[in-house]
Amino acid sequence: MGFCAAMQRHKRYVTLVLVFLAIHHATATVIHYSIPEEQKEGSVVANLATDLSLDVSSLIRRKMRLDIIANKKYLDVNKETGELFIVEKIDREYICPTKSSASCYLKLEVILENPVRIFNIEIEIVDINDNAPHFRREIIHLDLSESTQKGERFSLSNAVDPDVGSHTVKTYQLSQSEHFKIEVQTGRDGSKFGELILMKTLDREQQSRHNLILTAVDGGTPARSGTASIIVQVLDTNDNAPTFDKSVYNINMMENSPLGSLVIDLKATDLDEGSNSELTYSYSLYTPDKTQKTFNLNPSTGEITVKEMLNYEDFRIYDMEVIATDKGVNSLSGQCTIKIMIEDMNDNHPEISIKSFHSPVSEDVEVDTVIAVVSVSDKDSGDNGVVDLHIPDNMPFKLRESSDNYYELVVSEPLDREKVPEYEITFSVTDRGSPPLSDNETMTLQLLDVNDNVPQFPQSFYTIRVNENNAPGALLGSLSAFDPDLHENQYLVYVILERETANTSMSMLFSINPENGNLFALKTFDYEIEKEFLFHVEARDSGSPPLSSNVTVHIIVVDQNDNAPVIVSPWRAHGSVVEEKIPRSTDKGSLVAKVIALDTDSVHNSRITYQFLQVTDATLFSLDQYNGEIRTMRMFSYRDPRHQRLVVVAKDNGEPALSATVTINLSTVETAVKSYSDMTEVPLEYDIFSDLNLYLVIGLGSVSFLLLITILVTIVIKCQTPKSSKAAPPSRNSVISERNSTIADSTLVSNDAYWYSLFLAETRKGKLVVRQPVPKGSRYIVSSLPRSTGVTDTSDSAASTLQYPK
């Protein structure tokens, strides 16, 4: 309902307006104003109240308003003051786009009520130079052949300017160019346009494109302008022949370059374009066939590559001529010369040739003697062909250059076949290329032996021990010598150098195998007679002249336990049983008897110990195992039997041990016998057997033996005479008889026999027994002095003491 009422009110209003308009058009006048375009918003154009002679105070009551006819509302009126002002910026070119030269107006109506009056207002929009000229195309393209004649004209599209009058395009300007200029022309409608004129002949090869700037300038103040780019593309004609960078190319190429290797990439240039610049390459008729077979030329790209293997030693320089031809209608061509120089590579190994070689040579060859002549060579050139020859540093040889690439191998140090029998001499040759190549050749130099070494024994002194009683022909040892020489210089013969010992030749005692040096004994040795031998053995080679050396041999006869102990005390006149008497009043610890045994062996074989083999009462007697003394362990009692039997064994320390026994029958008596000792003789032993004359020993032994036989016969005779009941039997160890002539004689005889037997035994061992008188009441002392030391030894059988109680 509201909407319908509004529509009715609007219709009545429109009807009223139309009535007033009709009255106004019949009587109204037109008011003219001129304003420039582009005025600021709010700018006052005029005061309509003043210009229309209206009361300003009545304007509100009369409801003054402004209507726009066929235009946008750019202006409005102030209903209180009547001022006409701009409400939106006015652009003449926008309002009147097609009226570039005619005037441009805005038509308005001012309406008043009470009473109604209508005024027509015409506002002229005056043009200002607010638009610059512009071209419809910002870039203008022109294609001109480089053969275009000077003076040719080319029309250019004109610029446009929406402004009118003097503000429109007035002239054209062209950027600086030596080839073109611009002339301004006026069209029938008064518009301005320019013509481009060619002032200088074009050359595409020098400049294929010209960039020009065309400027359109209007007549405003200040003047405005617009620009467009003119791009002149120069079209090619085939007016340039192909050319190479150089007329002659010098190329160095390594030999043995792989097939297909690039030699050069020829790039001829043609300043033309298109087909006029498309080139083909070919060999000229002056290029040798050898070169064309060795190198391949690509006709399209101009690349020259290796077709066959290059060898500096075969061919070193290649010459060729290459032609480049374009594909223009009237083709043009250019040519160049190429010289390919092959550079040597170190591709050939140096070679060694042994011209002469002497082998074998004698080891005593003189220093500086030529052994071999060697030549070296290398097919390469320059440093690649310069070679150096070497041999190992640790050899007694040196190289001496005799002539160009010839060397002599000479001896630099004395040779010794025994140290190095042969030499593997390696000749190494190396060139000076990079990398260097080398080769080697090995030869074997053998040395001939010279008899320059004497036989050598492993030892300078041989000590050989041999047991006595050896079997004749027994091997004593080997005295093999060594000779580092060869063949007959090495074959050795062994001999014993003659030396007599006690009128006995060494060759009678020993024998040596002349081939291997084995030493043999020819007789059986007896330690008790011969203890050592000293002689020399010589080893002689078979060289010419022969060389020899000798060695000292010391044969030591080692004692064996081949002699049993001999009991020399107590004296046994009848068999092996000794009869002794002893007083029953003998004190404890009294010496009853002393057993002395002698052994002609030496060292441990002669060490004797004593033991009871049988004893009647073991509690009554004791036996010292070292000196053989038998003593009472207690005094005799009435229960002890009158007869005591003691069996003593004397055993040496050999392996196996040998022994001797003596039986002593003791009888106890009640009557004491005075001891006698008016004069006794004590055997003293001095060491005098230092290499004692063997003849003296044999003589003394013979005399002692005869004297002993005599004494034994005398004793037997005396023992057969009747004895007094009070007389005691002769005894050496214990005497219980009174000093009477008979007992004294028998005792003296018994003592003499004992001392002579002791003398005989001891002298065989290299000792001397001397009888000396001892003061009355003294004890008999038997001492044995070893020859070698001179020190009295009272142990074992070497020393014994005889005691006679007073």
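Before reading further, recall that the structure is shown in the block above.
Now for a description of the structure that goes with this document. (Residues numbered from 1 in each chain as written. Predicted model: local features only at pLDDT ≥ 70, side-chain atom pairs only at ≥ 80, totals over all residues. Heavy atoms only, no water.)

In terms of regular secondary structure, the protein is built from seven helices and 53 strands. Burial statistics for the protein: of 806 residues in total, 42% are counted as buried. Within the protein, counting contacts between residues at least 6 apart in sequence, those at least 24 apart form 67% of the total. Roughly 43,400 Å² of accessible area belongs to the protein as shown, and the carbon and sulfur atoms make up 52% of that amount. (Helix = DSSP H or I, 4+ residues; strand = E, 2+ residues; numbered from the N terminus. Buried < 20%, exposed > 50% of the residue type's maximum accessible area, 1.4 Å probe, protein only. Contact = heavy atoms within 4.5 Å. Areas by Shrake-Rupley, 256 points an atom, 1.4 Å probe, with all protein chains shown as cover.)

Let's shift gears to the sheet that holds strand 30 (residues 422-431). Pairing within the open sheet is mixed, and its four strands lie in the order 25-31-30-27. In this open sheet, the two edge strands, each paired with only one partner strand, are strand 25 (361-362) and strand 27 (387-390). Of the strand pairs in this sheet, strand 30 and strand 31 (residues 438-448) are connected by nine bridges, and their pairing is antiparallel. The residue bridging Y423 from the neighbouring strand is L445, located in strand 31. (Pairing = 2+ DSSP bridges.)

Okay, the sheet that holds strand 28 (residues 397-403) next. Backbone hydrogen bonds are what pair the strands of a sheet, in a parallel or an antiparallel way. Strand order in this open sheet of four strands is 24-26-29-28, and the pairing throughout is antiparallel. The two strands at the open ends of the sheet, each matched to only one other strand, are strand 24 (351-357) and strand 28. Direction aside, neighbouring strands of the sheet carry axes that sit 30° apart on average. With six bridges joining them, strand 28 and strand 29 (residues 406-411) adopt antiparallel strand pairing. (Axes fitted to C-alpha atoms, helices over the stretch in contact; angles between N-to-C directions.)

For the rest of this paragraph, the subject is the state of the cysteines. Within this structure, the stated rule accounts for one disulfide. In this model C96 forms its disulfide with C104; the gap between the sulfur atoms is 1.7 Å. Its torsion about the S-S bond being 80°, the disulfide of C96 and C104 is classed as right-handed. Judged by relative accessible area, which is 7%, C96 ranks as buried. On the accessibility criterion, C104 (0% relative accessible area) is buried. (Disulfide = S-S within 2.5 Å.)

On to the nonpolar core. Of all hydrophobic cores here, the largest spans 28 residues; its most connected members are L48, L54, L75, I90, L106, I121 and I123. Elements with a minimum of two residues in this core: strand 1 (30-36), helix 2 (48-51), strand 4 (75-77), strand 5 (83-86), strand 6 (104-112) and strand 7 (117-126). Examining the composition of this core, we find that five residues originate from one element, strand 6, more than from any other. Other than its neighbours up to four places away in sequence, I121 contacts I31, Y33, L48, L106, K107, L108 and V110. The next biggest cluster of nonpolar side chains, apart from the first, holds 26 residues, and it includes I464, M506, F510 and F525. (Core = buried A, V, L, I, M, F, W, Y, C linked by side-chain atoms within 4.5 Å.)

This brings us to the side chain of N129. Mapped onto the fold, N129 is located in the loop between strand 7 and strand 8 (134-135). A relative accessible area of 11% places N129 in the buried class. A distance of 3.2 Å separates a polar atom in the side chain of N129 from the backbone oxygen of P222. Once you skip the residues sitting within four places of it in the chain, N129 turns out to touch D163, H167, D218, G220, T221, P222, A223 and R224. (Polar contact = N/O pair within 3.5 Å; in protein donor to acceptor, adjacent residues only side chain to side chain.)

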